[in-house]
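# Coordinates in review
Now for the letters of each chain:
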Amino acid sequence: MTTLSRLFCCLSMILLVVGTSATAQTAFLDRGLVSSVSVLEDKAGVWTIDSVENKPFGTEKNIVPNYGLTESVYWFRIEAKNDRHWDDLFLKVHSGILKSVDLYVPATVGKGYTHTNAGEVVPYSVKEYNTQFPVFRLKIPYDSSITVWLRVSSNNVMEVPISVAREYSIWE
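All values reported here derive from a predicted model rather than from experimental measurement.

In the case of a regular strand, side chains alternate between the two sheet surfaces. Among the ten residues in strand β9 (residues 144–153), seven count as buried, and that is most of the element. Summarising the sheet, strand β4 (residues 73–82) and β9 pair through nine bridges and their orientation is antiparallel. Its bridge partner being in β9, Ala80 is matched across the sheet by Ile146. Pairing of strand β6 (residues 100–106) with β9 involves five bridges; the strand directions are antiparallel. Residue pairing in the sheet places Ser100 in a bridge with Ser153 of β9.

Shown next as C-alpha cells:
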C-alpha cells in the first residue's frame, strides 16, 4: 500500500468516526414532552426514592446527559407536560447499555410511588416491552404535568438521552 493510499484510508476512517459521533448527537435533539430534567449524583449508590425526593437536584443542561465511565448512580427528576391531545405516552431512555433504570411515579392514591425496573439486569422474558431500550408507559392527562424520577446505573458509559413521546415514536 502506498503512502498516499494509507493517508487516504486514515482520513476516511477519521471522517467516518467523527461523522458517526456527530450524527449520534444531532439525531437526538427532541425530548418530546419533557419540560425539564434535573440530576443528582449518588456516589455510593445507596439512596432510595424516599431519601432523594426532597434533595436539591441540579439542572441538567445537556440534551444528552453523559457522565462517561462512572461507578456513581445518577438520579434524574423529570418533568413532563402533555400539552397535546396524546394518549399512550411513553418515557424512553435511548441507550441500551445501561445496567439498571428504575422509574418511580407518584402513586395516584395515597403516598408512595409505583416502581418499574428496566435495563440490562431485567431479562427479556419479564420486560413489558421487547426492546433493548428502557421504555415505560406514562399516564399524563391532557394539559397536565407529572414529575417522575429515574435511578440509573451503568457498567459502561453513563449516557442517558431521555424523551417522553407517543407510542409510535419510541420504536424509532
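For the rest of this paragraph, the subject is the sheet that holds strand β8 (residues 135–138). Taken together, the three strands give an open sheet; going across it, the order is β8-β5-β11, and neighbouring strands pair in antiparallel fashion. What marks the edges here is a single partner per strand, and that holds for β8 and β11 (162–166). With strand direction ignored, the average angle separating the axes of adjacent strands in the sheet is 25 degrees. Sheet topology places strand β5 (residues 89–93) next to β8; four bridges connect them, and they run antiparallel. Bridge pairing in β8 places Leu91 opposite Phe136.

Here we take up the packing of aromatic side chains. By the definition in use, this model includes five aromatic pairs. Consider the rings of Tyr113 and Trp149, whose centres lie 5.5 Å apart with planes at 85 degrees: the pair is edge-to-face. Here Tyr113, found in strand β7 (residues 113–118), pairs with Trp149, found in strand β9; they are 36 residues apart in sequence, far enough to count as distant. Judged by its relative accessible area of 7%, Trp149 falls in the buried class.

What follows concerns the sheet that holds β7. Read from one edge to the other, the open sheet built from six strands follows the order β2-β1-β4-β9-β6-β7, with strand pairing classed as antiparallel. Only two strands of the sheet have a single neighbouring strand rather than two, namely β2 (58–59) and β7.

We now examine the nonpolar core. By size, the foremost hydrophobic cluster in this structure holds 28 residues, and its most contacted members are Phe76, Leu91, Leu150, Ile162 and Val164. For this core, the secondary-structure elements that each account for two or more residues are β1 (34–42), β4, β5, β6, β8, β9 and β11. If sequence neighbours within four positions are ignored, Val164 has contacts with Arg31, Gly32, Leu33, Val34, Ala80, Leu89, Phe90, Leu91, Leu138 and Ile140. Val52, Phe57, Val73 and Trp149 belong to the second largest nonpolar core, which has eight residues in total.

Let's shift gears to the pattern of salt bridges. Evaluated as defined, the whole model comprises two salt bridges. Close ionic contact of Asp143 with Lys81 constitutes a salt bridge, the shortest N to O distance being 3.3 Å. With Asp143 in the loop between β8 and β9 and Lys81 in strand β4, the pair connects residues that are 62 residues apart, well separated along the chain. Judged by its relative accessible area of 49%, Asp143 is partly exposed. Looking at Lys81, the relative accessible area reads 32%, which means it is partly exposed. Here Asp83 ties to Arg84 by a salt bridge, and the two come within 3.5 Å at their closest N and O atoms. Arg84 gets classed as partly exposed once you look at its relative accessible area, which sits at 35%.

About the thresholds
Residues numbered from 1 in each chain as written. Predicted model: local features only at pLDDT ≥ 70, side-chain atom pairs only at ≥ 80, totals over all residues. Heavy atoms only, no water. Buried < 20%, exposed > 50% of the residue type's maximum accessible area, 1.4 Å probe, protein only. Helix = DSSP H or I, 4+ residues; strand = E, 2+ residues; numbered from the N terminus. Pairing = 2+ DSSP bridges. Axes fitted to C-alpha atoms, helices over the stretch in contact; angles between N-to-C directions. Phe/Tyr/Trp six-rings, centres within 6.5 Å; stacked < 30°, edge-to-face > 60°. Core = buried A, V, L, I, M, F, W, Y, C linked by side-chain atoms within 4.5 Å. Contact = heavy atoms within 4.5 Å. Salt bridge = Lys/Arg side-chain N within 4 Å of Asp/Glu carboxyl O.

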